[in-house]
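# Coordinate inspection notes
What follows is each chain in one-letter form.
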Amino acid sequence: MNPQRPNGNAQVDLDREAEPTTETGQKVLLEIAEDARRLKNRYPKETVVPEGGE
Amino acid sequence: MLFGRLLGQETEYAIRFAPERRHPGNDVIYDALAGAIAARVKTEPGFYPERPQIFTENGGAFHYEYLPYCAEGGLIEGATPECRGPAQLLLYQKAQETLLSQAVSDAERTLRSSGFPGKLGLLKNCRDAFDHVYGAQESFQATIATGFPLSLYRLLLGGLLPLLAATVVLGWVVFIALAVLVLGAALLSTVAIALPPFRLFRTRSFFVRLVSREDRSLENALGRFLYALSYLVTLPFIASFSLLLRLLAFRRVRRRATAFLVSRPVISGAGSVTAGGEFVLSEKAPSIRRRLRFSISPNDRSIFDVGNLMKPALAAAHFHVAPMLALFRREQRLQLGLADSSMLQEAEFLKAGATALVLEMVEAGALDDAPRLKRPIQALHAFVSDPNLEAEAATDRGPMTALQIQRFYLEAARAFVREAKATSMEALQVTELWREVLGALERREMSSLVGRVDWVTKRYLLETCGDPRDEALLKTIDLRYHELKEGYAARLERSGCARRLVEETEIERATRFPPEGTPAFTRGRFIRDRERSLAPVRISWESARIGGRLHGRVVHFSRDGEG
């Protein structure tokens, strides 16, 4: 971060790589599958919003 | 100048609270979150005392989206400061999410100490397990009309002022009559239940039931009644104003950009599993019913949501005429109701950047040959119901798929950016990303878009981690994808499976500093620099009131962020 740079003069870096190792990808997928199975009986009910938002 | 216009986003977050004992109500959770945010950054309360809202020192805001018929079931809404360009918008959207993510743990502790232990989470999504729709809206500065149509718009808007005045007077008469009625009933019931014949029943008074935090049925019934009443009272004005907007507002944008917006979910949809188990590309799109909003009902979902123009007119009921007068300006806020909440940074950047570029082109007259859909709403529903991306819709150029329509707009945008007088790196980045994503979709190289396009990523997770026979599991993956901090999109990002376009340090800084050259800059600086010990302040998007309502001083924020 450059403190001299104007506030919020944002730039994005499109050249940055997003290359996880296969091992990392597999680990995250396993975590997600396990988490979803653990929560499936209550999560959809806990996240209900009354009709008519926005 | 490309990307010179202001843009911003409003995002509704669903609240998930898994109580260990009892639920405190979402309004109490909002208070805990707002308190936690105020402990981290400087904040000031919003203009209307009856509306729970805080403005933060980066120029953005949070408020409790109160549902009049379910006071305890509302949502948290975050509004970014006004930004210039998609990179800035991405940065401030992430800053908003960071503030909320940090506040969740603190709010959990506050709730626990108030007797409400439980697990708190916030979902940045637009559709729940019962297909109730809420969520995001995008805003872009745009020209409402030019030349003769602008003069006619102003003339007709002026002609509506007597009707607005009559609506305000009628509204107050009804409100006062109702207040007298309710207070009278409360007083009578309080006295009555103390009398011997009724004391035996041990009933609670009307007043006690109305203010009860345990049983809010009476409060909600009254809210529902007031909501219906306000709908009826304002109907003549709102219907007339809607007709005026339909006739003259943003006509050029509606004509030239509708096909872009209708096909846009292929690059920016969040994806969703409907209550019927069908996978659709967008959370919001299946609920869209018309091109332009016609009423103040939240169920009147439209591609172009002009509710933001109706609200300032109705602010006259609170004796605030400045918002109404601002409706005469040439430049207005174009609000898109057809907008999903993006989780992935590339998706957020591309959605805002491509849309802003299309608006630039429309206003520059560079899209006069854009395809026009014959039945836009049917086309939208057909496009988002087909993850194979083969659905076609009738246009004035014959049947076209969503990808073909996007290809038309992309090529027009590339030529527009190439020929622009001043080169914009940001615009080049947008068109390059758009080209990459669209090309991969056309070649059906879906695996290359995991971690980059939300609906593709969510579908991949559903197929990899779900079970097609287990609807509850699929819906859990669909919903949990959107949770801040612990959600699946966040996990993909943390593990490097989804690309980050902005630095964490920049995001952290954006939670405290407003974007320069925007109205948010003066608003944010005002909040940052104010001495805490001075007179109370209330902030709106346009101004700050220092001191009381009658004797206070009003400071207007500069629209270009200077002064």
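Here, the structure is the one placed above.
As the structure is a prediction and not an experimental result, all values here were calculated from the model.

Here we take up the overall build of chain B. In terms of helices and strands, chain B carries 20 helices and 18 strands. Its C-alpha radius of gyration of 24 Å places chain B within 12% of the 24 Å reference for a compact globule of 563 residues. In terms of overall dimensions, chain B has a C-alpha envelope of 80 × 60 × 50 Å along the principal axes. In chain B, buried positions account for 47% of the 563 residues. Considering only intrachain contacts with a sequence separation of at least 6, the fraction spanning at least 24 residues in chain B is 69%.

Let's shift gears to the pairing of strand β3 (residues 53–56) of chain B. Residues and elements named next belong to chain B. Across the two faces of β3 the burial is the same, with Gln53 and Phe55 and Ile54 and Thr56 all buried. Bridge analysis of β3 against strand β4 (residues 61–65) gives three bridges, and the strand direction is antiparallel. Paired with Gln53 across the strands is His63, a residue of β4. Joining the antiparallel neighbours β3 and β4 is a turn of four residues, in which Gly59 adopts a positive phi near 95°.

Let us look at the sheet that holds strand β17 (residues 543–546) of chain B. Two modes of strand pairing occur in sheets, parallel and antiparallel, and in both the strands are linked by backbone hydrogen bonds. Residues and elements named next belong to chain B. Read across the sheet, three strands follow the order β16-β17-β18 without closing on themselves; strand pairing throughout is antiparallel. Of all strands in the sheet, those with a lone pairing partner are β16 (537–539) and β18 (553–556), marking the two edges. Direction aside, neighbouring strands of the sheet carry axes that sit 20° apart on average. With four bridges connecting them, β17 and β18 associate as antiparallel partners. Looking across to β18, one finds that Ser543 is bridged to His556.

The next subject is the interface of chain A and chain B. Taken residue by residue, the interface counts 36 residues in chain A and 57 residues in chain B. The element that contributes the greatest number of residues to the side of chain A that touches chain B is helix α1 (residues 22–39) of chain A, accounting for ten residues. Split into classes, the residues belonging to the side of chain A that touches chain B amount to 18 nonpolar, ten polar and eight charged.

This paragraph deals with the packing of helix α8 (residues 251–263) of chain B against helix α12 (residues 345–363) of chain B. Residues and elements named next belong to chain B. Where α8 meets α12, the closest approach of the two axes is 10 Å, and the angle between their N-to-C directions is 140°. Here α12 runs oblique to α8, going by the angle between their axes. Handedness of the α8/α12 crossing: right-handed. For the pair formed by α8 and α12, the contact residues are Arg252, Val253, Arg256, Ala257 and Phe260 on the first element and Val358, Leu359 and Val362 on the second. Partitioned by chemical class, the residues of the contact of α8 with α12 number six nonpolar, no polar and two charged.

Let us look at the environment of Leu33 of chain B. All names here are of chain B. Mapped onto the elements, Leu33 comes out in helix α1 (residues 26–40). With 28 C-beta atoms packed within 10 Å, Leu33 lands in the buried category. As for Leu33 and Leu99, which are separated by 66 residues in sequence, their C-alpha atoms are 9.6 Å apart. Not counting the four nearest positions on each side in its chain, Leu33 is found in contact with Ile76, Leu100, Ala103 and Ala107.

Conventions we followed
Residues numbered from 1 in each chain as written. Chains lettered and ligands numbered in written order. Predicted model: local features only at pLDDT ≥ 70, side-chain atom pairs only at ≥ 80, totals over all residues. Helix = DSSP H or I, 4+ residues; strand = E, 2+ residues; numbered from the N terminus. Rg over C-alpha atoms; globule rule 2.2 N^0.38 Å. Buried ≥ 20, exposed ≤ 12 C-beta atoms within 10 Å, placed from the backbone. Contact = placed C-beta atoms within 7 Å. Pairing = 2+ DSSP bridges. Axes fitted to C-alpha atoms, helices over the stretch in contact; angles between N-to-C directions. Nonpolar A, V, L, I, M, F, W, Y, C, P; charged D, E, K, R; others polar. Parallel < 35°, antiparallel > 145°, perpendicular 65-115°, else oblique. Left-handed = near helix turned anticlockwise from the far one by under 90°.

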